[in-house]
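Structural features, examined
For reference, the chains in residue letters:
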Amino acid sequence: MNDGNSPEGAGPEHCCGDLGTRQSPMPFDGQNLATDNVSVIEGETATISCRVKNNDDSVIQLLNPNRQTIYFREVRPLKDSRFQLVNFSDNELRVSLSNVSLSDEGRYVCQLYTDPPQEAYADIAVLVPPGNPIIESREDVVSEGNETELTCTAMGSKPAASIRWMKGEEELTGETTVEETYDRMFTVTSRVRFSVTKEDDGVPVDCIIDHPAVKDLLAQRHLEVLYKPEVKIVVTYPDGLTREGDNLDLTCIAEGKPHPHQINWLRVDDDVPPHAVVIGSDLYIENLNKSYNGTYRCVASNAVGEAYDDYILYVYACREEPEERHGTGNYVVDMIKKTLCFCRSAVQHSRASDGAPQKIDHAVIGGVVAVVMFAILCALIVLGRYFARHKGTYFTHEAKGADDAADADTAIINAEGGHNNSDERR
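The notes below deal with the structure included here. Small disclaimer: the values here were computed from a predicted structure and weren't measured.

Calculation rules
Residues numbered from 1 in each chain as written. Predicted model: local features only at pLDDT ≥ 70, side-chain atom pairs only at ≥ 80, totals over all residues. Heavy atoms only, no water. Buried < 20%, exposed > 50% of the residue type's maximum accessible area, 1.4 Å probe, protein only. Helix = DSSP H or I, 4+ residues; strand = E, 2+ residues; numbered from the N terminus. Pairing = 2+ DSSP bridges. Axes fitted to C-alpha atoms, helices over the stretch in contact; angles between N-to-C directions. Salt bridge = Lys/Arg side-chain N within 4 Å of Asp/Glu carboxyl O. Core = buried A, V, L, I, M, F, W, Y, C linked by side-chain atoms within 4.5 Å. Phe/Tyr/Trp six-rings, centres within 6.5 Å; stacked < 30°, edge-to-face > 60°. Lys NZ or Arg CZ within 6 Å of the ring centre and 35° of its normal. Disulfide = S-S within 2.5 Å.

**Observations concerning the pairing of strand S15 (residues 175-180)**
Along a regular strand, successive side chains alternate from one face of the sheet to the other. Counting buried residues along S15, only zero of its six residues qualify, which leaves the element largely exposed. Bridge analysis of S15 against strand S16 (residues 186-195) gives six bridges, and the strand direction is antiparallel. The partner of Glu179 across the bridge, within S16, is Thr187. Taken together, S15 and the strand that follows it, S16, pair antiparallel across an intervening segment of five residues, in which Arg184 is found at a positive phi of about 65°.

The structure is reproduced here in structure tokens:
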């Protein structure tokens, strides 16, 4: 306290405030007088309690760090109105100090007028929270595989703050420096370095401040990472095996940061078929044949680098079925399959001159269905005639004995004999 907070007068309270004698601090344990240390945040209120056990009507008073009397019993000689009496009794003198500042920090003395006098000490520690932390990055954007550095600063705190780093759910270790300023305040700076990957793009990095005067204080920065493209080839058409006469539609999906500025198609160890069409990221090849077999590659590039994906093309012969390469053993089914294969090849040839292939052609589908139905109808007719012929032969077989008769009478006799023989066998 400064001299402006001197006692208001020279009354008995003031003259006896310090008793003229200073005793050495006595241990708290086992003594009649007790108090507690106080930690308070700047601007808030501190409370000092001088407590007496088994008081014999001795006088209690509270002194400031300059040993000026703040309260003598329930009387406040000091002019500082921030001190207010909270409670006074034979066993306690409790005083509050509002709007605490750094200048109020120090050791306060509780005195009990006994013989010899007793003293107990309450240290007031003023906590000053840091200002909002400031987080900075060495570069705003970093490419994958490179190292970045972030700096976080917490200024104007007491005591010095501690700084922690979190990258997503991962805790990072930083290098911390502490600087004490002229006004007993502290500035803390922490630096962290780490290498980034494409998975770090958009990940938050938190600078977390730990200080007894404040909670949940942090600064956050999201990483921006550039990375080369990720490439994937998707077969848009056909859905199953690629056969002679089919069309092929491949789509190249490329994602990167920045977005790929160039996508190229090539055929490994050979040239792309001359009538292949590239539209954007799609590759169209019509009327496939076995000479087109090979590896087709999509290459995407951006400012960071390039990447590719491969598709291996194998064209099956029109009548070649991996699961039924030697036929089904059913003449009708095999004929239908061959008819469909022929129709598909004819349709694909007819579409080869129409530019890029279309995925759905209702006229072609209708024609194919008509051919299939016609083939099924023909098969049914053939089967009907076959079964009818065999059925007729069965019913006339019993008259076979009359085929060798010389005349009509002999034929009748042979026929009747045939019936009799049948009856005997029964």
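**So, the sheet that holds strand S5 (residues 69-72)**
Read from one edge of the open sheet, five strands run S2-S9-S8-S4-S5, paired in mixed fashion. The open sheet has two edge strands with one neighbour each: strand S2 (38-41) and S5. Taking the axes of each pair of neighbouring strands and ignoring which way they run, one obtains an average angle of 20° across the sheet. Pairing of strand S4 (residues 60-63) with strand S8 (residues 106-112), which is carried by four bridges, proceeds in the antiparallel orientation. Among the inter-strand pairings, Leu62 is bridged to a residue of S8, identified as Cys110.

**A few points about the pattern of salt bridges**
Per the counting criterion, the structure on display carries 23 salt bridges. Measuring nitrogen to oxygen at the nearest pair gives 2.7 Å for the salt bridge that ties Asp104 to Arg82. One end of the pair, Asp104, is in the loop between strand S7 (92-97) and S8; the other, Arg82, is in the loop between S5 and strand S6 (83-88), and 22 residues separate them in sequence. Taken together, the shared-partner salt bridges in this structure form one network comprising Arg138, Glu139, Glu149, Glu175 and Arg193.

**Section: the nonpolar core**
Ranked by size, the top nonpolar core spans 27 residues in total, and within it Leu62, Ile70, Phe83, Leu93, Tyr108 and Ile124 carry the most contacts. Among the nonpolar cores identified, the runner-up in size contains 20 residues, and Leu150, Val205, Cys207 and Leu223 belong to it.

**Structural notes on the packing of aromatic side chains**
Enumeration over the complete set of coordinates arrives at two aromatic pairs. Note on Phe72 and Tyr113: the rings are 5.8 Å apart at their centroids and 85° apart in plane angle, and the pair reads as edge-to-face. Here Tyr113 lies in the loop between S8 and strand S9 (118-127) and Phe72 lies in strand S5, a separation of 41 residues in the sequence. Relative to Tyr316, the ring of Tyr314 has its centre 4.8 Å away and its plane inclined at 80°; by these criteria the two rings are edge-to-face. Tyr316 sits in the buried class, given a relative accessible area of 17%. Over the ring of Tyr121 we find Arg107; its NZ or CZ atom is 5.1 Å from the centre of that ring. Against the face of Tyr308 rests Arg297, its NZ or CZ located 4.0 Å from the ring centre.

**A look at the state of the cysteines**
Within the structure shown, the criterion is met by three disulfides. A sulfur-sulfur distance of 1.9 Å marks the disulfide that ties Cys50 to Cys110. On the S-S bond that ties Cys50 to Cys110, the torsion sits near -70°, and the link is left-handed. Here the residue Cys50 occupies a position in strand S3 (residues 46-52), and Cys110 occupies one in strand S8, the gap between them amounting to 60 residues. Judged by its relative accessible area of 0%, Cys50 is buried. The class for Cys110 is buried, based on a relative accessible area of 0%.

What is shown is where atoms sit, not what they do.
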